[in-house]
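# Remarks on the overall topology
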Amino acid sequence: MEIALKGLGNDANYWQALGEGRLSLPKCAGCKRWCWPAPFRCSDCGSWDFDWQDVEMAGEVYAWTRVRHPFGGAEALGLPYVVASIALPAANGIRLFGLLEPGDDAAIGLKVAGKVRTNRAFERDVLAISWRPVA
Ligand SMILES: [Zn+2]
(Lines give C-alpha, C1' and ligand atoms only; values in the text may rest on other atoms or scores of the structure.)
Protein backbone atom coordinates (compact mmCIF):
# COMPACT_ATOMS: atom_id res chain seq x y z
CA MET A 1 0.00 0.00 0.00
CA GLU A 2 1.37 3.38 -0.89
CA ILE A 3 1.18 5.89 1.92
CA ALA A 4 1.06 9.60 1.27
CA LEU A 5 3.60 11.11 3.67
CA LYS A 6 2.70 14.68 2.87
CA GLY A 7 0.96 16.19 5.83
CA LEU A 8 2.18 13.57 8.26
CA GLY A 9 4.20 14.75 11.22
CA ASN A 10 6.90 13.19 13.35
CA ASP A 11 5.34 9.77 12.92
CA ALA A 12 5.69 9.62 9.11
CA ASN A 13 8.26 6.81 9.38
CA TYR A 14 5.82 4.77 11.48
CA TRP A 15 3.13 4.99 8.80
CA GLN A 16 5.60 4.31 6.00
CA ALA A 17 6.79 1.15 7.77
CA LEU A 18 3.24 -0.03 8.48
CA GLY A 19 2.53 0.35 4.77
CA GLU A 20 5.38 -2.09 4.20
CA GLY A 21 4.12 -4.51 6.87
CA ARG A 22 6.72 -3.49 9.47
CA LEU A 23 6.67 -1.74 12.82
CA SER A 24 9.26 1.02 13.14
CA LEU A 25 9.61 3.20 16.24
CA PRO A 26 11.87 6.12 17.18
CA LYS A 27 14.74 5.72 19.60
CA CYS A 28 16.51 8.83 20.82
CA ALA A 29 20.00 9.09 19.31
CA GLY A 30 21.19 10.91 22.43
CA CYS A 31 19.96 8.93 25.44
CA LYS A 32 18.75 5.78 23.56
CA ARG A 33 15.25 6.02 25.06
CA TRP A 34 12.35 4.62 23.03
CA CYS A 35 9.78 7.33 22.42
CA TRP A 36 6.11 7.12 21.55
CA PRO A 37 4.18 9.03 20.33
CA ALA A 38 6.98 10.20 18.05
CA PRO A 39 8.26 13.49 19.47
CA PHE A 40 10.02 16.27 17.60
CA ARG A 41 12.53 16.47 20.45
CA CYS A 42 13.48 14.04 23.24
CA SER A 43 11.82 15.06 26.48
CA ASP A 44 14.62 13.42 28.52
CA CYS A 45 17.86 14.69 26.98
CA GLY A 46 16.70 17.34 24.50
CA SER A 47 18.18 15.64 21.45
CA TRP A 48 16.62 16.45 18.07
CA ASP A 49 17.84 13.19 16.52
CA PHE A 50 16.09 9.85 16.46
CA ASP A 51 17.01 6.49 15.02
CA TRP A 52 14.00 4.68 13.63
CA GLN A 53 14.34 0.97 14.25
CA ASP A 54 12.23 -2.00 13.29
CA VAL A 55 10.58 -3.59 16.32
CA GLU A 56 9.09 -7.06 16.47
CA MET A 57 5.31 -6.95 16.66
CA ALA A 58 5.14 -8.97 19.85
CA GLY A 59 3.98 -7.87 23.26
CA GLU A 60 1.42 -8.25 25.97
CA VAL A 61 -1.89 -6.64 26.77
CA TYR A 62 -1.39 -3.72 29.16
CA ALA A 63 -5.06 -2.68 29.16
CA TRP A 64 -8.11 -3.35 27.03
CA THR A 65 -11.76 -2.42 26.56
CA ARG A 66 -14.66 -3.96 24.69
CA VAL A 67 -16.38 -1.35 22.54
CA ARG A 68 -20.15 -1.69 22.23
CA HIS A 69 -20.99 1.86 21.15
CA PRO A 70 -21.24 2.53 17.39
CA PHE A 71 -18.63 5.28 17.07
CA GLY A 72 -18.67 7.22 13.80
CA GLY A 73 -16.01 6.02 11.39
CA ALA A 74 -15.67 2.58 12.98
CA GLU A 75 -18.80 1.04 11.46
CA ALA A 76 -16.77 -1.40 9.34
CA LEU A 77 -15.42 -3.10 12.48
CA GLY A 78 -18.83 -4.32 13.58
CA LEU A 79 -19.77 -4.53 17.24
CA PRO A 80 -18.48 -5.38 19.70
CA TYR A 81 -14.72 -5.12 19.13
CA VAL A 82 -11.80 -4.98 21.54
CA VAL A 83 -9.24 -2.16 21.62
CA ALA A 84 -6.06 -2.94 23.53
CA SER A 85 -2.97 -1.11 24.67
CA ILE A 86 -0.04 -3.41 23.95
CA ALA A 87 3.26 -3.14 25.82
CA LEU A 88 6.28 -3.91 23.64
CA PRO A 89 9.17 -5.48 25.58
CA ALA A 90 11.49 -5.04 22.56
CA ALA A 91 11.01 -1.26 22.91
CA ASN A 92 11.34 -0.96 26.69
CA GLY A 93 7.64 -1.46 27.29
CA ILE A 94 6.28 1.49 25.33
CA ARG A 95 2.67 0.91 24.39
CA LEU A 96 0.68 0.99 21.17
CA PHE A 97 -3.06 0.80 20.67
CA GLY A 98 -4.67 -1.62 18.28
CA LEU A 99 -7.44 -4.11 17.79
CA LEU A 100 -7.33 -7.37 19.71
CA GLU A 101 -8.77 -10.08 17.47
CA PRO A 102 -10.50 -12.13 18.56
CA GLY A 103 -11.20 -10.30 21.76
CA ASP A 104 -12.90 -13.19 23.54
CA ASP A 105 -9.86 -13.99 25.67
CA ALA A 106 -8.89 -10.38 26.41
CA ALA A 107 -6.90 -10.18 29.62
CA ILE A 108 -4.13 -8.06 31.05
CA GLY A 109 -0.82 -9.81 30.45
CA LEU A 110 -2.08 -11.84 27.45
CA LYS A 111 0.82 -12.49 25.04
CA VAL A 112 0.06 -11.22 21.53
CA ALA A 113 1.60 -10.86 18.08
CA GLY A 114 0.72 -8.07 15.71
CA LYS A 115 -0.08 -7.93 12.03
CA VAL A 116 -0.75 -4.90 9.87
CA ARG A 117 -4.28 -4.60 8.60
CA THR A 118 -6.37 -2.00 6.87
CA ASN A 119 -9.47 -0.54 8.47
CA ARG A 120 -12.13 1.32 6.58
CA ALA A 121 -12.85 4.59 8.36
CA PHE A 122 -14.64 7.66 7.09
CA GLU A 123 -14.64 6.20 3.58
CA ARG A 124 -10.90 5.71 3.37
CA ASP A 125 -8.43 2.96 4.21
CA VAL A 126 -6.40 3.44 7.37
CA LEU A 127 -3.53 1.23 8.47
CA ALA A 128 -3.70 -0.34 11.91
CA ILE A 129 -2.15 -3.17 13.86
CA SER A 130 -4.27 -6.18 14.69
CA TRP A 131 -3.05 -8.06 17.77
CA ARG A 132 -3.75 -11.76 18.15
CA PRO A 133 -3.13 -14.04 21.11
CA VAL A 134 -0.15 -16.38 20.78
CA ALA A 135 0.06 -19.81 22.33
ZN1 LIG B 1 17.05 11.45 24.59
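Residues numbered from 1 in each chain as written. Predicted model: local features only at pLDDT ≥ 70, side-chain atom pairs only at ≥ 80, totals over all residues. Heavy atoms only, no water.

By the naming in an unreviewed UniProt entry, the chain goes by OB-fold domain-containing protein and is assigned to Brevundimonas guildfordensis.

What follows deals with the packing of aromatic side chains. Taken as a whole and judged by the stated rule, the model has 3 aromatic pairs. In textbook terms, an aromatic cluster arises when at least three aromatic residues are bridged by ring pairs, as seen for Tyr-14, Trp-15 and Trp-36. The ring of Tyr-62 has Arg-95 lying over it, and the distance from NZ or CZ to the ring centre is 3.8 Å. (Phe/Tyr/Trp six-rings, centres within 6.5 Å; stacked < 30°, edge-to-face > 60°. Lys NZ or Arg CZ within 6 Å of the ring centre and 35° of its normal.)

Below, the discussion takes up the coordination of the zinc ion. Within the protein, the zinc ion binds to Cys-28 (SG), Cys-31 (SG), Cys-42 (SG) and Cys-45 (SG); these donor distances fall in the range 2.3 to 2.4 Å. One can describe the donor arrangement at the zinc ion as tetrahedral, given that its 4 donor atoms subtend angles of 97 to 116 degrees at the metal. Along the chain, the residues donating to the zinc ion are arranged with the sequence spacing C-x2-C-x10-C-x2-C. For Cys-45, a relative accessible area of 40% corresponds to the partly exposed category. (Donors = N, O, S within 2.8 Å, 3.2 Å for Na, K, Ca; no water. Tetrahedral: all angles 85-135°; square planar, octahedral: opposite > 155°, others 65-115°. Buried < 20%, exposed > 50% of the residue type's maximum accessible area, 1.4 Å probe, protein only.)

Further remarks concern the environment of Glu-123. Tracing the sequence through the fold places Glu-123 in the loop between strand E6 (111–121) and strand E7 (124–133). For Glu-123, a relative accessible area of 73% gives the class exposed. Between the C-alpha atom of Glu-123 and that of Ala-76, which follows or precedes it by 47 residues, the distance is 9.8 Å. (Helix = DSSP H or I, 4+ residues; strand = E, 2+ residues; numbered from the N terminus.)

So, on to the domain arrangement of the chain. For the chain, the assigned domains are domain 1 (1–55) and domain 2 (56–135). Distance between the C-alpha centres of domain 1 and domain 2: 20 Å. Taken together, the contacts link 15 residues of domain 1 with 14 residues of domain 2. Carbon and sulfur atoms supply 80% of the area buried between domain 1 and domain 2, which totals about 1200 Å² over both sides. Counting every contact that joins domain 1 to domain 2 gives 0 salt bridges. (Domains from an automatic or database assignment. Contact = heavy atoms within 4.5 Å. Buried area = accessible area lost by both parts, 1.4 Å probe. Salt bridge = Lys/Arg side-chain N within 4 Å of Asp/Glu carboxyl O.)

The subject of this paragraph is the confidence of the model for the chain. For the chain, the average pLDDT comes to 92, and 95% of its residues sit at 70 or higher. Element-level mean pLDDT values for the chain span from 93 in E7 up to 98 in strand E3 (residues 58–67). (pLDDT = per-residue confidence, 0-100.)

Let us look at unusual backbone geometry. That bond from Trp-36 to Pro-37 is cis: its omega, 0 degrees, falls within 30 degrees of zero. Within the fold, Pro-37 resides in the loop between strand E1 (24–28) and strand E2 (50–54). The step from Glu-101 to Pro-102 runs through a cis peptide bond, and the omega angle for that step is -10 degrees. Here Pro-102 shows up in the loop between strand E5 (94–100) and E6. Backbone geometry places Phe-122, a non-glycine residue, at a positive phi of 50 degrees. Structurally, Phe-122 is set in the loop between E6 and E7.

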